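# Descriptive structure summary
The residues making up each chain are set out below.
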Amino acid sequence: MSLQIWIDGLFAGSVFAIIALSMTIVYQPTRIMNFAQGEGFILGAALGYQLVGVWKWPLIQSLVVLVIAAALMGFIMERMVMLPVQLSGSKFAWIIATLAAAMIFQSAFNIKYVNVTFSYFDLIEKDISIFGAKLSVQKLLVILMMIIVFIANDQFLKRTLWGRSIRAIAHNPDTSTILGIPTKPVIKLAFITGTIVIALVGFLASPVIIVAPAAGLFFTIQGFTAAIIGGVGSPKGAVVGGLMIGILDSVVRSWLGGTWGLFSTFFVLAVILILKPNGFFGKRVEGR
Amino acid sequence: MISTFKGLNRVLITGSLLAIALLYFFPILIKSSNNPSFYLQVVSVAVCSAILTISLNICMGYGGLLSLMHTGMQMVGGYAVAILAVKQGWNGWLALVASAVIGAIFAILVILISLRATYLYFGMITLAVNLIAMEAVRHGGELTGGYNGLFGVFAPGIPSGMMSAEGFYRVMITILILAYVVQRNLIFSGFGRNTMALRESSETATALGISPNMHRVKVFSVSGALAGLAGGLLSIQIGYAVADIGDLNNGLIFFVGLFLGGVGTLAGPVLGVALVAVIDFTIRGTGQYRTLVLGSILLLTMIILPRGIVGTYRASRYGSPRSREVMPGEADNYHLDIAVKNVTKGEVLLEAKDVVKHFGGVHAVDGISVQFKAGEVHGIIGPNGSGKSTLISALTRYHELTSGSVTLLGVEADKKPFKVARDGVTRVFQIPHLFERVSVLDNVLTGMYRRDKYSIFDAIFRTPRYLKANSRSVAEAKALLSLAGMLGMEELAAGSISHGQKRLLEVIRAVATEPKILILDEPATGLTQDEMHSLTSLIRTLAAGGMCVVLIEHNVAFLMDLADIVTVIQSGKVIAEGTPQAVQKDERVLEAYLGNTDFSKELA
Amino acid sequence: MSDLRIEGLTITYGGAKALDNLSIEVKTGEFVALLGANGAGKTTTLRATSGLMRPAAGKIFFDGVEITKVPGHKRTALGIGHVPEGRQIFPDHTVEENLQLGTFVRRKHRAETTQSLEDMYGLFPRLKERHKQAAGTLSGGEAQMLAIARALMSRPKILMLDEPSLGLAPQLVLELFKYLKRLHAEQGLTILLVEQQARLALQLAQRAYILERGAVKIEGKSKDLINDPRVAEAYLGTAS
């Protein structure tokens, strides 16, 4: 099997891993798997297309605007999801609320961008050759970003007081409260950071993988799949799961043809859920 | 189900009948409009949605199973009809029946592979299955027509002019009404009660002898059959089957309808879908804004009307049932033989030998031997954290034993907790585990389901066998309620009665399972003096009938003239056993409770 | 000042009254025990004071200010420390991280929190030995020390402890109680102690309330209560 396939898989896997990581960031303090998370990916792709592709803005300004817009989206998303969850007694409130939020954002993108796919030129049009296989700098950036996000998130959770507080809330919200840790701002922070992370990967990856305005749910589901294979709530699991489905998809695709890639991903998901119902690194959770 | 047909309720029923009539005559009403077939199409699709939403309601609303594959089931049903009717040339009616069967089989396969998954993961599995199913259909080649789907699906007989569009429309309305009746009959039967029991607390359902896995399979298959049927009807109505029908995006409308109408209510799904259809029709010109509007409605509904329209009505003063007046002498109508069959007083029913249960390094139960005998009230006391509850969980197989043995009626007790329950050991938990959204009567009936020897089909079709079994059970349930002084409260939601009555109701529900051993974990906590007396006399009656009543208590006073024998546990070991009077004077017991270690010197 | 005053507190829980018009008071510098059988409402009282439960009626005052509607995390900043039932340490965090979480309300005073950490290690040397270990690996006694130290890290004016002796061997209980006594005597900390082991608590506290069914049944000085037969009755019921 050629090295190229593995490199492509590594790239795709990194995209899924970052998406899954951003979901883990939201999941930790909230116990919510956010169906609207993928819309952040679309936001990144759309802004890349609009700012860099159409308006030809410089990279730095575009990134600043992107981060601000993503933070805003995260803020709105938190209200859209947490308000119904807090008010409704239903066990399914989270899923319905995040689905509704996903639909609202998705239709907003659909209204703005009719018959457009977000593929602007590569930010850096250059290839690196590794033993004959090609790796574009753009793809390399995504792989690096995955590593940076993982390490930054890990260090944040382990080394900072706020990060430790998030882990504390994830474990026991009541005890966190009596230690004086406010849960609500932490949840807001999680939504905002999670959205910024996923928007950044959308921005970086969309020139390589062509993204449609309505594809948010697809990326959400890929992220879920990665997170579940690795174990919901575990950053390590998100990375392992993401890389696994990315590489698997790439390998199976080249071996049996395009459609089997997606098949194999979900097949592996089903098998893992049967054999290891809590994923590789997950703890037994009941969710919300 | 006895309803109080009064005022507002009567208006509602009249309204529903009018709505049905309106739906039936709808094709005639729109004949003179400029585009009758379009209007008919709109209503027909809504009817399919309503059937699917009923299916979703059975699964999520009543069963508590998070399904994200209902659009997929619908798609599968649609293809079943398309393939069988168009390609195989089956009779259309037969193909419709097949769509329900195939929907059920699809659902069974999915739930069988995901029985171990907790509810969040179950939702994710259904999501994955939905995607796999759509991919499979898209790449099914000749059989499914690939991305284009299959066209030319017609109502049974339409090409030969046997059935008009209006005719098929009426068929669909009829099926919707039937689906509603199926839902209603199922929910108001042992099947429905078990479903709701499982939704509210898997633990309690198990304690009543319900097998959680088996029942989940049943619930999901019924839901799958209805969803498959809805899909079959839809493909005939729109004339084709295509993979996009399975897209979760299309599922939003069902969720909106369900939540708007009220999750876990009978009329909710139909009412909700009808409203959504009206809204959808009003904004039909706006194209892309449709999803935006629907999504916003869904979020607003959850914020403003968290229980949905029907749920809010039910919880209101107007919609919630009231207690009825009890006729003088009515209680005499209900006789109950409370005696436990096939046991003799004093016979050892359950024997535990050297039971040990360690959690990691914690020796929660550290070698306890105890005997429960027929006809005795057996108290188990001990300070907080002494291992009482763990002992009970070990005896009833909720925990696996580290070592030791449990014999039930002379044989090794089964390893599955619901089997232990079926063999005659019923426990009532410390924290109230009532099925709060279910009526008082239905709570008691849930305890009786093992006596009801009727199938799902008996319940759906209300066969004589069902009716006979049901009326017998209702009479027995009323007898039990009258024993606890709760006659007249049958229709109240269990969540609305007082705390003491809830505790009593829970005991009654446990008695309804006809246990040989009844284990009550701190039943007296929070009871008023009167309720305490009711409970005491109930326990005496039960023990006199040969039942062994095990009481886990802190309150020794409550046990004083009730218990025949008291076992005192501390740090996972038995420290004393005897009559309550003896135990109360035992210095070791006082120490265990109050801590007698004299640190006054050290602390001075 | 760290007066805690609870007036007519009623809390319903699933239809049952967990607290029924309960009134208690803890004055600055006092050591008060809250006793009673299981289900009497001791834990509920502490949880309500910490803002984890919303009362149906009644008021809570701290330092003369009504805090009934103040959110839970802000009450910690006001000076209410709570060692919850069952310790509730964070098992995946290290011992030191657990302690640092206790400084959340004082996070802006870095030097001070570092000093607090040293103080805690001075008070509980065994925590220092294990400061890098995951808290989940501690023994029951060590975990209880950690839970207390963690609450002290916020420099509370009043410390509420919920059954700290639960599951500990007598020798460890003695050790624990010595610490509590020192905290009270040397640092002047106001303490509200919930205990099941009444006789033990009464050897330590100055005053006690004995709860029954969510209300105060007996109150008085410890030395008067320690031989009062009514205390045993509150736990075991009346001998008939």
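Criteria and thresholds
Residues numbered from 1 in each chain as written. Chains lettered and ligands numbered in written order. Predicted model: local features only at pLDDT ≥ 70, side-chain atom pairs only at ≥ 80, totals over all residues. Heavy atoms only, no water. Helix = DSSP H or I, 4+ residues; strand = E, 2+ residues; numbered from the N terminus. Rg over C-alpha atoms; globule rule 2.2 N^0.38 Å. Buried < 20%, exposed > 50% of the residue type's maximum accessible area, 1.4 Å probe, protein only. Areas by Shrake-Rupley, 256 points an atom, 1.4 Å probe, with all protein chains shown as cover. Lys, Arg positive; Asp, Glu negative; His and termini not counted. Charge placed at Lys NZ, Arg CZ, Asp CG, Glu CD. Contact = heavy atoms within 4.5 Å. Polar contact = N/O pair within 3.5 Å; in protein donor to acceptor, adjacent residues only side chain to side chain. Buried area = accessible area lost by both parts, 1.4 Å probe. Salt bridge = Lys/Arg side-chain N within 4 Å of Asp/Glu carboxyl O. Nonpolar A, V, L, I, M, F, W, Y, C, P; charged D, E, K, R; others polar. Axes fitted to C-alpha atoms, helices over the stretch in contact; angles between N-to-C directions. Parallel < 35°, antiparallel > 145°, perpendicular 65-115°, else oblique. Left-handed = near helix turned anticlockwise from the far one by under 90°. Phe/Tyr/Trp six-rings, centres within 6.5 Å; stacked < 30°, edge-to-face > 60°. Pairing = 2+ DSSP bridges. Core = buried A, V, L, I, M, F, W, Y, C linked by side-chain atoms within 4.5 Å. Expected span 1.5 Å × (residues − 1).

This next bit is on the overall build of chain A. Counting its regular elements, chain A contains eleven helices and two strands. Start at the N end of chain A and walk to the C end: the helices and strands fall as α-α-α-α-β-β-α-α-α-α-α-α-α. Scaling as 2.2 N^0.38, a compact globule of 288 residues should have a C-alpha radius of gyration of about 19 Å, and chain A matches this with 19 Å. Considering only C-alpha atoms, chain A reaches an extent of 60 × 45 × 35 Å along its principal axes. A burial count over chain A gives 61% of its 288 residues as buried. In the structure as shown, chain A presents an accessible area of about 10800 Å², 70% of it carried by carbon and sulfur atoms. Here chain A holds 20 positive side-chain charges and 10 negative ones, and the gap between their average locations is 8 Å.

Looking now at the overall build of chain C. Across its full length, chain C carries ten helices and ten strands. Considering only C-alpha atoms, chain C reaches an extent of 55 × 40 × 35 Å along its principal axes. Expressed as a percentage of its 240 residues, the buried residues of chain C come to 55%. Of the contacts made within chain C by residues no fewer than 6 positions apart, 68% connect residues no fewer than 24 positions apart. With an accessible surface of roughly 9700 Å², chain C has 49% of that area assigned to carbon and sulfur atoms.

On to the side chain of Asn98(C), then. Residue and element names in this part refer to chain C. Structurally, Asn 98 is set in helix H3 (residues 95-101). A distance of 3.3 Å separates a polar atom in the side chain of Asn 98 from a polar atom in the side chain of Arg 150. Every residue in contact with Asn 98, bar those within four places of it in the chain, is listed here: Ile 89, Phe 90, His 93, Ala 135, Leu 146 and Arg 150.

Looking now at the interface of chain B and chain A. Reports of interface size often rely on the accessible area that becomes lost once the parts have come together. Each side of the interface is counted separately: chain B has 36 residues, and chain A has 48 residues. Carbon and sulfur atoms make up 79% of the area that chain B and chain A hide from each other, which totals about 4000 Å². Our count for the chain B to chain A interface comes out at zero salt bridges. For the interface between chain B and chain A, the tally reads one residue pair in polar contact (both at pLDDT 80 or more). In terms of residues, the side of chain B that touches chain A owes the most to one element, helix H6 (residues 119-138) of chain B, which gives eleven residues. Considered class by class, the residues forming the side of chain B that touches chain A number 26 nonpolar, eight polar and two charged.

So, about the packing of helix H2 (residues 37-54) of chain A against helix H8 (residues 183-205) of chain A. Residue and element names in this part refer to chain A. Look at H2 against H8: their axes get within 7 Å of each other, and the N-to-C directions meet at 45°. Judged by the angle between their axes, H2 and H8 are oblique. The hand of the H2/H8 crossing is right-handed. Seen from H2, the contacting residues are Gln 37, Gly 38, Gly 40, Phe 41, Gly 44, Ala 45, Gly 48 and Val 52; seen from H8, they are Gly 194, Thr 195, Ile 198, Ala 199, Val 201, Gly 202, Phe 203 and Ala 205.

The subject of this paragraph is the pattern of salt bridges. Pairs can form between side chains of opposite charge once their charged atoms are near each other. According to the stated counting rule, one finds 32 salt bridges over all chains in the structure shown. Note that Arg106(C) and Glu112(C) form a salt bridge whose closest N and O atoms lie 3.0 Å from each other. For Arg106(C), a relative accessible area of 7% translates into the label buried. Among the charged side chains, a salt-bridge network with shared partners connects Glu78(A), Arg79(A) and Lys188(A).

In a packed pair of helices, the relevant descriptors are the angle between the two axes and the axis-to-axis distance. Residue and element names in this part refer to chain B. Relative orientation of the contacting elements helix H5 (residues 92-113) and helix H10 (residues 212-238) amounts to 140°, with a least axis distance of 6 Å. Taken together, the axes of H5 and H10 lie oblique to each other. Here H5 runs over H10; the crossing is right-handed. For the pair formed by H5 and H10, the contact residues are Leu 96, Ser 99, Ala 100, Gly 103, Ala 104, Ala 107, Ile 108, Val 110, Ile 111 and Leu 112 on the first element and Arg 216, Val 217, Phe 220, Ser 221, Gly 224, Ala 225, Gly 228, Leu 229, Gly 232, Leu 233 and Ile 236 on the second. Across the contact of H5 with H10, the residue classes break down as 14 nonpolar, six polar and one charged.

Residue and element names in this part refer to chain B. For the structure on display, the rule yields 17 aromatic pairs over all chains. Arranged with centres 5.8 Å apart and planes meeting at 55°, the rings of Tyr 39 and Phe 281 form a pair that is tilted. On the criterion of sequence distance, the pair formed by Tyr 39 in helix H3 (residues 36-62) and Phe 281 in helix H12 (residues 268-282) is long-range, its members being 242 residues apart. Taking the relative accessible area as the measure of exposure, Tyr 39 reaches 24% and is therefore partly exposed. Of the residues examined, Phe 281 reaches a relative accessible area of 25% and is grouped as partly exposed.

Okay, the sheet that holds strand S5 (residues 65-66) of chain C next. Residues and elements named next belong to chain C. The four strands lie next to each other as S2-S1-S4-S5, forming an open sheet whose pairing is antiparallel. With partners counted over all chains shown, the strands left at the sheet margins are strand S2 (16-26) and S5, one partner each. Bridge count for strand S1 (residues 4-13) against strand S4 (residues 57-62) is five bridges, and the pairing is antiparallel. Within S4, the position partnered with Ile 6 by the bridge is Ile 60.

A few words now on the side chain of Thr265(A). Residue and element names in this part refer to chain A. Within the fold, Thr 265 resides in helix H11 (residues 258-275). Of the residues examined, Thr 265 reaches a relative accessible area of 1% and is grouped as buried. When neighbours within four sequence positions are excluded, Thr 265 is seen to be in contact with Gln 222, Thr 225, Ile 245, Leu 248 and Asp 249.

The next point concerns the nonpolar core. Ranked by internal contacts, the top residues of the largest apolar core, which has 179 residues, are Met33(A), Phe35(A), Trp94(A) and Phe220(B). With residues up to four places along the chain from it excluded, the contact list for Phe35(A) reads Trp94(A), Ile95(A), Thr98(A), Leu99(A), Ala102(A), Leu217(A), Thr220(A), Phe224(A), Leu68(B), Met124(B), Leu127(B) and Leu248(B). With 133 residues, the next largest nonpolar core counts Val377(B), Leu505(B), Leu520(B) and Leu594(B) among its residues.

Residue and element names in this part refer to chain B. In spatial order, the strands read S8-S9-S10-S5-S11-S12; together these six strands make up an open sheet with mixed pairing. Both outer strands of the open sheet, strand S8 (425-428) and strand S12 (573-578), are each paired with one neighbouring strand and no more. Direction aside, the axes of adjacent strands within the sheet are offset by 20° on average. Sheet topology note: the strand S11 (residues 565-570)/S12 ladder contains five bridges and is antiparallel. Counted as the bridge partner of Val 568 is Ala 576 from S12. Where helix H24 (residues 587-594) meets the sheet, its contacts fall on strand S5 (377-381), strand S10 (548-553), S11 and S12, and the angle it forms with S12 comes to roughly 130°.

With that settled, the discussion passes to the pairing of strand S6 (residues 80-83) of chain C. Side chains on a regular strand alternate between the two faces of the sheet. All names here are of chain C. Burial of S6 is two-sided: the residues Ile 80 and His 82 facing one way and the residues Gly 81 and Val 83 facing the other way are all buried. Sheet topology note: the S6/strand S7 (residues 158-162) ladder contains four bridges and is parallel. Bridge pairing in S7 places Ile 80 opposite Ile 158.

Our focus in this paragraph is helix H19 (residues 464-483) of chain B. All names here are of chain B. Counted at 1.5 Å a residue, the expected span for H19 with its 20 residues is 28 Å, and the 29 Å between its end C-alpha atoms agrees. In this structure, the buried residues of H19 make contact with helix H8 (190-200), helix H17 (440-447), helix H18 (456-461) and helix H20 (499-512). Phi turns positive one or two residues past the end of H19, at Gly 485, with a value near 70°.

With that out of the way, let us pick up the environment of Gln570(B). Residue and element names in this part refer to chain B. Note on placement: Gln 570 falls in strand S11. Along the backbone, Gln 570 and Ser 33 are 537 residues apart, and their C-alpha atoms lie at a distance of 82 Å. Non-local contacts of Gln 570, meaning those with residues more than four positions away in its chain, are made with Pro 383, Ser 386, Ile 575 and Ala 592.

Turning our attention to unusual backbone geometry. You will see that Glu514(B), though not glycine, has its phi angle at about 55°, which is positive. Within the element layout of this structure, Glu514(B) appears in the loop between H20 and strand S9 (517-521).

Contact with chain C, which involves 23 residues of that partner, is made by 19 residues of chain A. Buried surface at the junction of chain C and chain A, summed over both partners, amounts to about 2000 Å²; 65% is from carbon and sulfur atoms. Arg167(A) is paired through a salt bridge with Glu97(C); the nearest N and O atoms lie 3.5 Å apart. The interface formed by chain C and chain A contains ten residue pairs in polar contact (both at pLDDT 80 or more).

Looking at the secondary structure, you find Ala544(B) in helix H21 (residues 529-544). Along the chain, Ala544(B) and Glu376(B) lie 168 residues apart, while their C-alpha atoms are 8.1 Å from each other.

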